[in-house]
Amino acid sequence: MAEVVGHIDAETMPETEAPAMTDGFHLVIDAFKLNGIETIYGLPGIPVTDLARLAQARGMRVISFRHEQNAGNAAAIAGYLTQKPGLCLTVSAPGFLNGLTALANATTNCFPMILVSGSSEREIVDLQQGDYEEMDQLNIARPHAKAAFRVLHAEDIGIGVARAIRAAVSGRPGGVYLDLPAKLLAQTMTAEAGRRSLVRVVDAAPRQLPSPQSVERALAVLKSAKRPLILLGKGAAYSQADAAIRALVERSGIPYLPMSMAKGLLPDDHAQSASAARSFVLAESDVVMLIGARLNWLLSHGKGKTWGAPKQFIQIDISPTEIDSNVAIAAPVIGDIGSCVAALLDGIDASFPKPGAAWLDAVNERKNKNLEKMAATLAKDPTPMNFHSALRVLRDVVKANPSVTVVNEGANTLDFARSIIDMYEPRKRLDCGTWGIMGIGMGFAIGAAVETGKQVIAIEGDSAFGFSGMEVETICRYRLPVCIVVFNNNGVYRGTDQNPSGGSDVAPTVFVKGARYDKLIEAFGGRGYHASTPAELERALREAIALGEPVLINAVIDEAAGTESGRLTNLNPQSAAHKK
Ligand code: ADP
Ligand code: TPW
């Protein structure tokens with residue numbers, strides 16, 4: 001049989017020789033490379049070890065993880081940051097399942113990614129005859145993905161990869177599963193036929209123009225407003241229509257609120273930001289324009305006490321079925337955000353009625369009052385440190401280094417950091433998102449560091465960090481500019497719970513007291529710091545940023561600070577019988 005030589009051109013071979021051959025391994029790599037996907041986040045093993053090895057040999061960047069969920073999270077955030085699907089590669093059954101949480105989370109958050117998993121022999125799996133790592137992966141993935149495909153023949157790899165890319169990034173982005181049986185990877189075909197079978201995807205995420213009527217309707221509703229508000233979500237950040245969105249906000253003069261990951265789309269210190277008056281503007285506004293934000297639990301479903309008096313909604317989204325999901329939408333504008341915002345901007349000329357002074361003054365008054373209150377809280381210097389005094393330091397460091405990416409997870413650590421740390425550039429704040437999921441920390445930090453090549457600061461609750469903590473080895477192995485700050489208060493939420501039975505086990509929310517997370521990174525050659533005062537924390541952060549290398553700061557936080565579930569206490573059912 002002819003030697004498998006991958007991409008060598010069969011036409012240049014002498015006619016007497018057998019034609020050059022390629023195989024499934026090469027075709028998968030060629031198909032992704034042809035479409036500009038140059039990085040794989042994954043974990044090798046049967047049957048994809050050679051795929052990872054060959055990818056590296058062919059010039060792809062292969063970032064190898066310690067657990068597939070973290071590789072999947074890195075791929076998902078790479079997709080969010082670049083608008084190209086992030087690629088995660090895993091082995092069959094358990095590796096696939098480990099990656100599936102990240103795929104489901106990507107779909108939930110509208111991040112484009114492709115989970116590529118090797119799978120076992122179809123004939124054996126379908127007859128349930130007990131293969132090595134047997135599992136019907138395609139059917140398991142389907143409900144958690146935007147689309148799921150399996151390729152059985154080498155000549156279909158090009159089409160399979162094209163379909164996966166298109167499904168991930170077109171319309172509402174999401175996670176796609178691509179199943180590659182072991183047998184497929186070893187299949188051979190001539191290199192020439194292989195090359196012809198590949199597909200370069202043209203216009204993977206086509207612009208979708210809004211209908212002129214929908215734009216007129218939205219402008220009419222906006223013009224009728226007495227107390228308008230713009231709400232920016234992470235769909236707006238994803239769309240990379242940064243200048244148009246800023247122009248829309250500034251030309252209309254309307255106060256705006258960024259959702260968590262939309263912070264920095266306009267700098268948080270912008271005069272029109274109503275972040276510090278969030279409760280007030282949600283309750284008091286009469287017209288709200290949502291740009292790439294869903295009225296899900298994070299926005300109290302658009303109703304109830306949070307939203308005060310009934311109001312009219314304008315909603316810009318690429319997904320028509322998002323409209324009316326929770327409350328009636330007066331003016332849906334369906335299309336990609338760049339096109340929709342551009343169309344709205346055309347209708348906002350000198351005659352556009354700016355919001356009245358009464359509304360703007362009321363928003364500013366509330367904002368200033370709340371900012372003063374927060375400044376007083378942040379000025380305190382308690383011993384031991386609490387969330388506020390530690391976050392004051394982080395706020396100042398981010399202000400001085402506005403291009404750092406902040407990754408953030410935890411309960412109190414998340415909620416306080418979101419409101420205290422101002423962001424200045426788009427897509428620089430990455431967090432638990434739509435599910436409030438713990439475990440994105442190190443995956444997001446690695447994905448962001450690889451894709452941006454710039455400094456990342458991961459601000460982690462001690463419980464949150466534990467979900468992906470072993471990836472500090474990965475961070476050290478690739479010498480990534482990631483500084484992890486563990487907010488160590490000895491437990492989930494806080495460290496003060498007691499075992500109600502009086503037994504010797506600690507309470508379910510309590511960890512080892514006084515743990516030294518900084519020692520963990522030292523095991524792999526990274527730099528550890530132990531910080532118990534704001535001054536120590538500040539020094540460690542400044543050194544970490546100057547160094548641009550793997551650092552972990554163990555920030556000791558008062559174990560009695562913080563509340564159970566952070567700001568989600570209302571969602572935390574508690575046993576009535578248990579209460580005194
Ligand atoms: P947040 O959590 O910040 O409120 P969500 O994830 O709930 O944001 O909402 C994001 C919304 O943005 C989704 O409904 C999604 O369909 C939409 N979206 C994503 N990308 C685009 C785009 N390019 N154009 C228009 N809408 C988009
Ligand atoms: C996959 C439930 C929400 S927040 C949290 C857990 C376990 C950790 C809070 O403690 P931490 O933060 O990180 O120390 P802090 O700042 O309050 O001290 N499993 C998953 N996702 C979620 N959301 C949970 C469990 C949870």
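Each remark here, short or long, concerns the structure printed above.
Procedures and definitions
- Residues numbered from 1 in each chain as written.
- Chains lettered and ligands numbered in written order.
- Predicted model: local features only at pLDDT ≥ 70, side-chain atom pairs only at ≥ 80, totals over all residues.
- Heavy atoms only, no water.
- Pairing = 2+ DSSP bridges.
- Helix = DSSP H or I, 4+ residues; strand = E, 2+ residues; numbered from the N terminus.
- Axes fitted to C-alpha atoms, helices over the stretch in contact; angles between N-to-C directions.
- Contact = heavy atoms within 4.5 Å.
- Near = heavy atom within 4 Å.
- Polar contact = N/O pair within 3.5 Å; in protein donor to acceptor, adjacent residues only side chain to side chain.
- Areas by Shrake-Rupley, 256 points an atom, 1.4 Å probe, with all protein chains shown as cover.
- Nonpolar A, V, L, I, M, F, W, Y, C, P; charged D, E, K, R; others polar.
- Buried < 20%, exposed > 50% of the residue type's maximum accessible area, 1.4 Å probe, protein only.
- Phe/Tyr/Trp six-rings, centres within 6.5 Å; stacked < 30°, edge-to-face > 60°.
- Parallel < 35°, antiparallel > 145°, perpendicular 65-115°, else oblique.
- Left-handed = near helix turned anticlockwise from the far one by under 90°.

Caption draft 1: Representation of the sheet that holds strand 12 (residues 312–317). Within the open sheet, the five strands sit side by side as 10-9-11-12-13. Their pairing is parallel. Each edge of the sheet is formed by a strand with only one pairing partner; in this case those strands are strand 10 (256–258) and strand 13 (331–334). Strand-to-strand twist of the sheet, defined as the mean angle between neighbouring strand axes without regard to direction, takes the value 15 degrees. Note: strand 12 against strand 13, four bridges, orientation parallel. Residue pairing for strand 13: isoleucine 316 is matched across the bridge by valine 333. Strands in contact with helix 10 (residues 212–223) are strand 11 (287–291), strand 12 and strand 13; relative to strand 13, the strand with the most contacts, it is inclined by about 140 degrees. Along the sheet, helix 14 (residues 337–346) makes contact with strand 11, strand 12 and strand 13, crossing strand 12 at roughly 130 degrees.

Caption draft 2: Region of interest: the site of ligand 2. Taken together, 16 residues lie around ligand 2, and Asn412, Thr413, Gly436, Asp462 and Ala464 are the ones closest in. Contacts to ligand 2 include glycine 491, whose backbone N or O atom sits 3.1 Å from an oxygen atom. The backbone of tyrosine 493 places a nitrogen or oxygen atom 3.0 Å from an oxygen atom of ligand 2. Here ligand 2 has 590 Å² of accessible area as a free molecule, and 76% of this is covered by the chains.

Caption draft 3: Just the site of ligand 1, in detail. In the vicinity of ligand 1 lie 19 residues, with Arg172, Lys234, Arg294, Asp317 and Ile337 positioned nearest. Arginine 294 places a side-chain nitrogen or oxygen 2.8 Å from an oxygen atom of ligand 1. Contact distances for ligand 1 include 2.9 Å between a nitrogen atom and a backbone N or O atom of isoleucine 337. Considering ligand 1 on its own, with 580 Å² of exposed area, one finds that the protein chains cover 96% of that surface. The element best represented in the shell around ligand 1 is helix 11 (residues 234–238), accounting for three residues. Residue composition of the shell around ligand 1, by class: seven nonpolar, seven polar and five charged.

Caption draft 4: A look at helix 1 (residues 24–34). Burial analysis of helix 1 places nine of its 11 residues in the buried class, which makes it a mostly covered element. Within the span of helix 1, buried status applies to Gly24, Phe25, His26, Leu27, Val28, Ile29, Asp30, Ala31 and Phe32. Here helix 1 starts with a cap whose side-chain oxygen sits 3.3 Å from the backbone nitrogen of phenylalanine 25, and that cap is aspartate 23. The first or second residue beyond helix 1 is glycine 36, which carries a positive phi of 75 degrees.

Caption draft 5: Main features of the packing of aromatic side chains. Applying the stated criterion across every chain yields a total of 10 aromatic pairs. Here phenylalanine 387 and phenylalanine 416 contribute two aromatic rings whose centre-to-centre distance is 5.7 Å and whose plane-to-plane angle is 40 degrees, an arrangement assigned as tilted. Of this pair, phenylalanine 387 sits in helix 16 (residues 387–400) while phenylalanine 416 sits in helix 17 (residues 412–420), and the two are 29 residues apart along the sequence. A relative accessible area of 2% places phenylalanine 387 in the buried class. Accessibility expressed as a relative area gives 17% for phenylalanine 416, which makes it buried. An aromatic cluster is present here, built from Tyr80, Phe111, Tyr238 and Phe444 joined pairwise through their rings.

Caption draft 6: Layout of the pairing of strand 17 (residues 482–488). Counting buried residues in strand 17 gives seven out of seven residues, a clear majority hidden from the surface. Here strand 17 shows no split at all, with Val482, Ile484, Val486 and Asn488 on one side and Cys483, Val485 and Phe487 on the other all buried. Bridge count for strand 16 (residues 456–461) against strand 17 is six bridges, and the pairing is parallel. Opposite glycine 461, over in strand 17, you have phenylalanine 487 as the bridge partner. Direction of pairing for strand 17 relative to strand 19 (residues 551–556): parallel, over a ladder of six bridges. When the sheet's bridge partners are listed, valine 485 is paired in strand 19 with isoleucine 553.

Caption draft 7: Highlighting the packing of helix 16 against helix 17. Helix 17 packs onto helix 16 with a crossing angle of 45 degrees between their chain directions and a minimal axis gap of 10 Å. On the basis of their axis angle, the class for helix 16 and helix 17 is oblique. Helix 17 is crossed by helix 16, and the crossing has right-handed handedness. Mapping the contact onto sequence places Phe387, His388, Leu391 and Arg395 in helix 16 and Asn412, Thr413, Phe416, Ala417 and Ile420 in helix 17. Taken together, the residues of the contact of helix 16 with helix 17 sort by class into five nonpolar, three polar and one charged.

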